[in-house]
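The residues making up each chain are set out below.
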Amino acid sequence: MIWRIDTPVKEVPDVENISLVIVTDDRDYGRALGRAIQHLCEGVIIRLAGKDEFFARAREAGEGRLVSGDLILWDGAEAEKVFGERIVLLSDKRSMATKDFGNRRFCLYKYDSARSTVASLLEIYGYLTGRKNVNMKRRTAKIIAFASWAGGTGCTVISLAVAQELSRFAGKRVMYVSLEETESTGEFMRGGEGMRGTGVYLYHLMGRDMTASCGGAAGESGPPDLQGYVLRDDFGVEAFAPTEGRNPLRDLPAEEMETFIASVADSGRYDVIVVDIGRGLSAADISCLGMAERICLIAKSTENGARRRQYMRHLMCSCGSGISERLIEVENMAGRGYPDGKASDGDREAESGAMVRISYSDTFLQRGEVKRIFPDGSFGRDIKELTARITEI
C-alpha cells in the first residue's frame, strides 16, 4: 500500500501544491524526510511507498506509466541509470549528487540538511513544471545574543532576566539557549524526570552519534519533537534540559550550529531565541553572533582595554564591520565602585550616552531548589530599559 504522512497540509492561496512520492524500503527514513519537508514547506502532499508496492502500482497503471506525483524521490541504487524528468535519485554517495538541468538528470545526497534538500526540490520542480513554487516557511523567531570578552560578567543572569521580561510583560514565547562550557540552566529551571538533554536532540537532528556522554539511545529516528527536550521556568521561558558534562553545542561547527538554531526557530514554537554565548569566539559562537538581530556586549566596566579591542577586531573580521550596528553595549553591576552605590546622571552621561547600565542583581533560592532572579528594584528597571532597547525597530 501507499500511505500518507499524517500531517495536515495548509492550503496557500494562488500557490499550487506539490505532490511528492518518496520511494524507499526504509520506512523510518521516509517518514523523517517527509515530515522534514512538510515542516519547511506549505502546500506539499507527500506519499510514501515501498519499492515492491511502487512497482505493483506502476504495473496497475500500465506499461511505461509511473505512480502519480509531480516528483518521485527514489532511495536506492536501482534508479541510478533511470534518471527521468520526474525521478530524483536519493543517494548515500555525495559524489553522485548532480542537478543536470540540460539532460534532466537529478540526484541529491540523501543525508544533506532538510533545508538544502527542500531548496533543491523546489528548484527542480520549478524548472520542470514552470509553475510557482510553494513557499518555504521562513524563520519568525528573532535571535538575541549575549556575549562578553571576559568571564564573570553576568551574561547568564542578564540574558535570563531579559528572556523573563519578554515572556512576562511582552507576551513573547521565548527559548533560552546556553552555550556555556558547563551549563547552568539547571540552576534556574527545574529538571523533569526522564528529560533528554541537548546532546540527544542533536543526535536526532544531525543523524550522528553524540550520545556517549549524554545518556541517549542510538537507533531512534524521526525529526526531534522539542516538547521532550525542554524545561520551563515560572515565567514561561523554555530551555533545553542541560547535559551532564561538557555542553555538546560547544563542539558544533558553524554549519551545524546554524542547522540547530534554524530547527528551533523554524519550529513555530518561539517568537524569540535568547542565546547566552558568554565569553568565547568559537565557530559555534561566531555562527550565533552572525545570525543574531541584536547582540548585547556585556562588561563590568566601561574601560576599553586591549582585550576589548582585540575581541572587537576578531568579531568584525569574522562577521563583518556591519555587526557594530547590531551591538548594544551593557555595563553590568553598575554603581559598584561609587561611594553611594549609584552613579550620578553626570557620570552616566559622561561614560557613555549609548551604553545601558545594569544595577547589581540578586538571586535567591526558591523553595531550596532553583535560583530565582530578583526582578524588582533598580535591577528590574534597568532590565526593562535594556529590553526596550533590544526590541526597538
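Relevant structure appears above.
Residues numbered from 1 in each chain as written. Predicted model: local features only at pLDDT ≥ 70, side-chain atom pairs only at ≥ 80, totals over all residues. Heavy atoms only, no water.

Asker: Give me the lowdown on the pattern of salt bridges, citing residues and values where you can.
Answerer: Applying the stated criterion across every chain, the model contains 13 salt bridges. Between R246 and E181 there is a salt bridge, with its nearest N and O atoms 2.3 Å apart. Separated by 65 residues along the polypeptide, R246 in the loop between β11 (238-240) and α7 (254-265) and E181 in the loop between β9 (174-178) and α5 (185-188) bring together distant segments of the chain. Residue R246 is classed as partly exposed on the basis of its relative accessible area, which comes to 41%. Beyond isolated ion pairs, a larger network of salt bridges with shared partners links E181, R246, R250, D251 and D285. (Salt bridge = Lys/Arg side-chain N within 4 Å of Asp/Glu carboxyl O. Helix = DSSP H or I, 4+ residues; strand = E, 2+ residues; numbered from the N terminus. Buried < 20%, exposed > 50% of the residue type's maximum accessible area, 1.4 Å probe, protein only.)

Asker: I'd like a description of the environment of I273, backed by residues and values.
Answerer: Relative to the helices and strands, I273 is located in strand β12 (residues 272-279). Overall, I273 belongs to the buried group, its relative accessible area being 0%. Sequence-wise, I273 and V237 are 36 residues apart; in three dimensions their C-alpha atoms are separated by 9.9 Å. Apart from the residues within four sequence positions on either side, I273 is in contact with A141, K142, I143, I144, M175, V177, I261, V264 and A265. (Contact = heavy atoms within 4.5 Å.)

Asker: Talk me through the nonpolar core; I want residue IDs and the actual numbers.
Answerer: Grouped together as the largest cluster of nonpolar side chains are 41 residues, with contacts concentrated most on M257, F260, I273 and L289. If we skip the residues at most four places from it in the chain, M257 touches L179, L249, L252, A284, S287, C288 and M291. One finds I158, A163, M189 and V237 within the second-largest nonpolar core, a separate group that totals 31 residues. (Core = buried A, V, L, I, M, F, W, Y, C linked by side-chain atoms within 4.5 Å.)

Asker: I'd like a description of the state of the cysteines, backed by residues and values.
Answerer: Disulfide: a covalent bond formed between the sulfur atoms of two cysteine residues. Counting across every chain of the model gives zero disulfides. Distance from the sulfur of C155, which forms no disulfide, to the nearest cysteine sulfur (C296) is 9.0 Å. (Disulfide = S-S within 2.5 Å.)

Asker: An account of the packing of aromatic side chains is requested, with residue identities and associated values reported.
Answerer: Evaluation of the coordinates by the stated rule reveals nine aromatic pairs. With a centroid separation of 5.9 Å and an interplanar angle of 80 degrees, the aromatic rings of Y109 and Y111 are classed as edge-to-face. What makes Y109 buried here is its relative accessible area of 18%. Relative to Y311, the ring of W149 has its centre 6.5 Å away and its plane inclined at 55 degrees; by these criteria the two rings are tilted. With a gap of 162 residues between them, W149 in the loop between β8 (142-148) and α4 (155-169) and Y311 in helix α9 (residues 306-319) connect regions that are remote in the sequence. Y311 shares its class with W149; the two are buried. Three or more aromatic residues joined by ring pairs make a cluster, and in this case those are Y201, Y229, F240 and F260. For K110, the ring lying beneath its charged end belongs to Y29, and the centroid distance is 4.5 Å. (Phe/Tyr/Trp six-rings, centres within 6.5 Å; stacked < 30°, edge-to-face > 60°. Lys NZ or Arg CZ within 6 Å of the ring centre and 35° of its normal.)

Asker: Let's hear about unusual backbone geometry: which residues, and what values?
Answerer: Phi is mostly negative for residues that are not glycine, and the peptide bonds are mostly trans. Positive phi outside glycine occurs at R104, with the angle close to 55 degrees. Tracing the backbone through its elements, the reader meets R104 in the loop between β6 (98-100) and β7 (105-109). Note on R104: relative accessible area 27%, which makes it partly exposed.

Geometric values such as these leave the question of function open.
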